Amino acid sequence: MGIYVEIPIRASMDELWEQTQNPELHQRWDLRFTQIEYLPRQGEEPQRFLYRTRVGFGLKIDGQGESIGERDGDGGSRTSSLKFWSEDPKSLIKTGSGYWKYVPQGGDLRAGEIPSTLLRAGCPSTIRFFTWYDYETRFGAFGKLIDKCVFRPLLGWATAWSFDRLRLWIEKGISPEASRDRALTYTLARGTVAFIWFYHGLVPKLLYHNRVELDLLSSIRTAPENLHKVATLAGIGEIAFALLSCLFSGARHGCSG
């Protein structure tokens, strides 16, 4: 099953095309790539490029690709197709292909819904920007298992977050680096709150039934014979709240709300 991501972006076609086709701009918002370099192109041959992704701990993965078709469609839509591959033995991806599609939406937005930066640019339209891509893995059955359980979901998440960072950059002027920093700050703050709830549910209520906790329950007229039972239930509730707060963040990665 391929990876499909779609997002509406309020921008002109030329601006969105530039942000996605210019390698220096592309590598800033796309989490899947650390570096993209276009190779010299002659005549009508496909545009070839090199890419690099740093995965941490000093490790990097190199690959290559080429744009195999760009065309204008009906209604002003555009399509950019490409294929990619990697001979790096560390890369789970062996070869793949996909496309980007840009489809203008009919009808203008109400003035109150359009950012002032877009109004000044004379750009009140919305473009459906979406991608689909798929790839083959190496390492045999083990590689397929890792891809299905870990790598493919992570890559889909990275693609979706990257698209939202691109949207924020164009619509609100929030740079991809600022979106990243906001997301990290938000994640750290939320994780800290979740840890506090988890700790107070597990240690003083489930593991030890701390005397202070029992005294607090007594102060709200809990029957003595029910103190330990109520403390256990309260601990389970706090742990459940901590886990739910991690699963359902209620905010976009770019913190655009």
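Residues numbered from 1 in each chain as written. Predicted model: local features only at pLDDT ≥ 70, side-chain atom pairs only at ≥ 80, totals over all residues. Heavy atoms only, no water.

A. Fine view of the overall build of the chain. When helices and strands are counted, the chain shows 7 helices and 7 strands. Element order for the chain, N to C, with α for helix and β for strand: β-α-α-β-β-β-β-β-α-β-α-α-α-α. Among the 257 residues that make up the chain, the fraction classed as buried is 37%. Contacts spanning at least 24 positions in sequence make up 60% of the contacts within the chain whose residues lie at least 6 apart. When the accessible surface of the chain is totalled, it reaches about 15,300 Å², and 59% of it is carbon and sulfur. (Helix = DSSP H or I, 4+ residues; strand = E, 2+ residues; numbered from the N terminus. Buried < 20%, exposed > 50% of the residue type's maximum accessible area, 1.4 Å probe, protein only. Contact = heavy atoms within 4.5 Å. Areas by Shrake-Rupley, 256 points an atom, 1.4 Å probe, with all protein chains shown as cover.)

B. Fine view of the packing of helix α6 (residues 211-219) against helix α7 (residues 227-247). One can describe the packing of α6 onto α7 by two numbers: an axis separation of 10 Å at closest approach and a directional angle of 105°. With respect to α7, the element α6 is oriented roughly perpendicular. Here L214, L217 and S218 of α6 lie close against α7, whose contacting residues are L227, H228, V230 and A231. Across the contact of α6 with α7, the residue classes tally to 5 nonpolar, 2 polar and no charged. (Axes fitted to C-alpha atoms, helices over the stretch in contact; angles between N-to-C directions. Parallel < 35°, antiparallel > 145°, perpendicular 65-115°, else oblique. Nonpolar A, V, L, I, M, F, W, Y, C, P; charged D, E, K, R; others polar.)

C. Summary view of the pattern of salt bridges. Per the stated rule, a full pass over the model turns up 16 salt bridges. Here D88 ties to K90 by a salt bridge, and the two come within 3.1 Å at their closest N and O atoms. A relative accessible area of 11% places D88 in the buried class. Take K90: its relative accessible area is 43%, and that puts it in the partly exposed class. Taken together, the shared-partner salt bridges connect R10, D164, R167 and E171 into one network. (Salt bridge = Lys/Arg side-chain N within 4 Å of Asp/Glu carboxyl O.)

D. Examining the side chain of R138 more closely. Its place among the elements puts R138 in the loop between β7 (126-137) and α4 (140-172). Here R138 is buried and forms no salt bridge, its nearest opposite-charge partner D88 lying at an N-O distance of 6.8 Å. A distance of 3.0 Å separates a polar side-chain atom of R138 from the backbone oxygen of S86. In contact with R138, other than residues within four places in its own chain, are S86, E87, D88, P89, S91, L92, I93, K94 and G143. (Lys, Arg positive; Asp, Glu negative; His and termini not counted. Polar contact = N/O pair within 3.5 Å; in protein donor to acceptor, adjacent residues only side chain to side chain.)

E. Just the nonpolar core, in detail. Ranked by size, the top nonpolar core spans 25 residues in total, and within it I9, L16, Y102, F129, Y135, F163 and L166 carry the most contacts. Of all the secondary-structure elements, those providing two or more residues to this core are β1 (3-10), α1 (13-21), β3 (47-56), β6 (93-104), β7 and α4. Other than its neighbours up to four places away in sequence, F163 contacts V5, I7, W29, W100, F129, F130 and T131. (Core = buried A, V, L, I, M, F, W, Y, C linked by side-chain atoms within 4.5 Å.)

Any functional reading would require information that these geometric values do not contain.
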